[in-house]
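Now for the letters of each chain:
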Amino acid sequence: MLKKILLIVCVILSFSSYSITIDYSLRMPKPQNHYFEVEMKITKVSSKFIDIKMPVWTPGSYMIREFSKNVNLVVAKDELGNNLNVNKISKNTWRIQTKGIKEVKINYEVYAFELSARSSFLDQSHGFVSGSSIFMYVDGEKETNGKLDIYPHEDFNVISTSLPKPRDSIRFENAKTFAFTNFDHLVDCPIEIGNQDVFEFTAAGVKHTVAIYGVGNYDVEKLKKDMKNVVETTTSVIGQNPNKFYTFIIHNVTDGQGGLEHVNSATLSVDRWSYQGKQYIDFLSLVAHEYFHLWNVKRIRPIELGPFNYDQENYTTLLWVMEGFTSYYDELLMRRARYLTEQEYLQKLNSVLNYVEGSEGSRVQPVAHASFDAWIKGYRPNENSSNTTMTYYSRGQLIGAMLDAKIIAKFEGNKSLDDFMRTLYYKLYKNKDRGFTEQEFEQTLSDFMREDMHDFLAMYVYDTKVPNYAEIFNLIGVNVEYTGVKKAYFGMSYSKEGIPTVKTIRTNAEAENAGVSVHDEIIGFNGFRIDGASLEASLAALKTGDSFNLLVARDQIIMEIPCKMGEIEIPNFKLSINNSSTNSQLCSYWLRTISK
Ligand SMILES: [Zn+2]
């Protein structure tokens, strides 16, 4: 037995002494040109060549973004400073000939001028590094640990990131050094470099650092109090916070783009004036959303989502759980944390329900397919998307609400969806330390519910059936009244400013039957010149069955199109609490607040 252990130790030691080391440095000497300069120092090279690769996507944002398009001037040198042969062998791979060389230095520059949570940015005011769009990895060596030296521009004084400091001290005077355990870790810790506003708070036993870039109407003391409340309410779902520290990077911009989750940090891109009124609750909801992801998707996750393949799409059918349930919680937690009344929460869920049931795509695309096709459809919408797609965020949120209702009813107010999330966390993530398959998810759900959940998933996840909302929500004392009525409807949307131009046509609506097309400019109605406002008024005055003519310009050709006003019944449901229901105590449990 001892001999065997010694052998294993020797194998580990010999393996580690021969495996390569990779250290990075990052410079930004001229921020106004938006170029980050990256150096990779690779030692203990023993192969004839090495391939370095740039990721094609950022985990959490399911689209191929081709980050290699921003990479220039890839140069490799040996220990003596001699240039090595560098050849491109695929869109994101550079091959470096290293025969007989032990140490290689690779330099390249990356153009960074897209400020969003999923891409990188550099100008005179700050730098933001989303690692998968800046750092390359050595093919076959993604598990290698290393260090990152950041040389901030002389005008930048602060670096905010969840990357830890290495155990040994700083090696270079004007650099800050960080350590990473593998490539996933390096790129899962976004980095803000500049003169951002930084504050800290402790919540759920975890030290939180908040780094805010950009002018905004925020109040640091209020944020400390509210973000702590949101973090603690969110942590109470699973009941255990696996992090020791956590970093929020917030970009205050003119047009906020939402957030991106990481294992122990999040980047939020928000409108700079969103820190008051209803917008502030939306901001706190975004905080809850990205924070909940530290469990749901970063730890509780489909097997395809980590460790990641940075070279291509990582397909999963389970984003309706990852994003849908997270969306369900980001609003429910606003109720639990007392930012919404029961009525306000119900109103929010009601809007989602009516959006989902009112969309043509809801009957076309199951959410399992929406998840799988996020890469080509969800993230790449076109003018026909509303006819053919359904977002896994919204329908997934509804499925989360329905499952919560079923669980609360089944266990008579002693369990909720929280308990199922905890089961996923402990049974699948903690026990197995990996993601789960689709089959494991279904089995875990069925075991938890003590009934076969296959048919439920088959109808609402893998098919597009309309759930019996009344039956499901009645279980927890919520009435669902159908209030949809037929109304005159033509079925096109158009820009209201300038010449009205058609943006979308609804499948099977009269606009489609008449032959009106997306991009048509509508210049006349029943023989009169028209603009956006008057077209809207003219259409609103028509009854079902009325005939009219549209004069349109299509590719510079003028044509008159005879049309008829159609009819539609847009589904409309109304959720309300039934206080006289025998299940009303279950509704109170569902919409409970937690004590502060
Ligand atoms: Zn999300």
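Note that the structure is predicted; figures quoted are calculated from it, not measured. (Residues numbered from 1 in each chain as written. Predicted model: local features only at pLDDT ≥ 70, side-chain atom pairs only at ≥ 80, totals over all residues. Heavy atoms only, no water.)

Student: Please explain the packing of aromatic side chains as it appears in this structure.
Tutor: What describes a pair of aromatic rings is the distance from one ring centre to the other and the angle between the planes of the rings. What the rule picks out here adds up to 42 aromatic pairs. Aromatic side chains Phe490 and Phe548 sit 5.1 Å apart centroid to centroid with 65° between the ring planes, which places their arrangement in the edge-to-face category. A residue pair is termed long-range when its members are at least 10 positions apart, and Phe490 in the loop between strand E21 (486-489) and strand E22 (492-494) and Phe548 in strand E26 (residues 547-554) qualify at 58 residues. Each residue in the set Trp57, Tyr62, Tyr137, Phe183, Phe308, Tyr310, Tyr315, Phe372, Trp375 and Tyr379 is aromatic and connected to the rest through ring pairs, giving one cluster. Note that Lys142 overlies the ring of Tyr137, its terminal NZ or CZ placed 5.1 Å from the centroid. Between Lys415 and the ring centre of Phe411, over which it is positioned, the NZ or CZ distance is 4.8 Å. (Phe/Tyr/Trp six-rings, centres within 6.5 Å; stacked < 30°, edge-to-face > 60°. Helix = DSSP H or I, 4+ residues; strand = E, 2+ residues; numbered from the N terminus. Lys NZ or Arg CZ within 6 Å of the ring centre and 35° of its normal.)

Student: Would you mind showing me how to read the coordination of the zinc ion here?
Tutor: For a metal bound by four donors in tetrahedral geometry, the ideal donor-metal-donor angle is 109.5 degrees, whereas six donors in octahedral geometry ideally sit at 90 or 180 degrees. Those donors, His289 (NE2), His293 (NE2) and Glu323 (OE), are the protein atoms that reach the zinc ion, and they lie 2.0 to 2.1 Å from it. Along the chain, the residues donating to the zinc ion are arranged with the sequence spacing H-x3-H-x29-E. Here His293 is found in the loop between helix H4 (277-292) and helix H5 (319-336), whereas its partner Glu323 is found in helix H5, with 30 residues between them in sequence. What makes His293 buried here is its relative accessible area of 0%. (Donors = N, O, S within 2.8 Å, 3.2 Å for Na, K, Ca; no water. Buried < 20%, exposed > 50% of the residue type's maximum accessible area, 1.4 Å probe, protein only.)

Student: Please explain unusual backbone geometry as it appears in this structure.
Tutor: Apart from glycine, the bulk of residues carry a negative phi angle, and the bulk of peptide bonds sit in the trans form. Residue Gly306 is joined to Pro307 through a cis peptide bond whose omega torsion reads -5°. With respect to the helices and strands, the residue Pro307 is situated in the loop between H4 and H5. A positive phi angle, close to 120°, is found at Val297, a residue other than glycine. Inspection of the secondary structure puts Val297 in the loop between H4 and H5. Even without being a glycine, Asn508 presents a positive backbone phi close to 65°. Inspection of the secondary structure assignment puts Asn508 in the loop between strand E23 (502-505) and helix H14 (510-514).

Student: Even after reading the chapter, I still don't get the side chain of Arg65, so can you show me in this structure?
Tutor: Residue placement: Arg65 occurs in the loop between strand E3 (49-53) and strand E4 (71-77). This buried residue, Arg65, is left without a salt bridge; Glu114 holds the nearest opposite charge, at 4.8 Å. Side-chain polar atoms of Arg65 contact the side chain of Ser61, separated by 2.7 Å. Among all residues touching Arg65, those that are not within four sequence positions of it are Val56, Trp57, Arg118 and Tyr379. (Lys, Arg positive; Asp, Glu negative; His and termini not counted. Salt bridge = Lys/Arg side-chain N within 4 Å of Asp/Glu carboxyl O. Polar contact = N/O pair within 3.5 Å; in protein donor to acceptor, adjacent residues only side chain to side chain. Contact = heavy atoms within 4.5 Å.)

Student: Can you help me understand the confidence of the model for the protein in this one?
Tutor: As a note on interpretation, predicted positions should not be read in detail where pLDDT is low. Here the protein averages 95 in pLDDT, and 96% of its residues register 70 or above. The low-confidence segment residues 1-17 (pLDDT under 50) makes 2 contacts with residues lying over four places distant or belonging to another chain. (pLDDT = per-residue confidence, 0-100.)

Student: I'm lost on helix H6 (residues 342-357) in this one. Help?
Tutor: Because an α-helix packs 3.6 residues into every turn, residues spaced three or four apart end up facing the same way. Here H6 contains 16 residues, and its C-alpha end-to-end distance of 22 Å stays within 8% of the 22 Å for a straight helix at 1.5 Å per residue. Where H6 is buried, its residues meet H5, helix H9 (392-410), helix H13 (469-474), strand E29 (573-577) and helix H16 (584-590). (Expected span 1.5 Å × (residues − 1).)

Student: I keep staring at the pairing of E3 and nothing clicks. Help me out?
Tutor: Note on strand geometry: in a regular strand, side chains alternate between the two faces of the sheet. Counting buried positions along E3 yields 4 of 5 residues, so the element is predominantly enclosed. Relative to strand E6 (residues 93-97), E3 is paired through 5 bridges, and the arrangement is antiparallel. Within E6, the residue paired with Phe49 across the bridge is Gln97. Bridge analysis of E3 against strand E10 (residues 137-138) gives 2 bridges, and the strand direction is antiparallel. Within E10, the residue paired with Ile52 across the bridge is Val138. (Pairing = 2+ DSSP bridges.)

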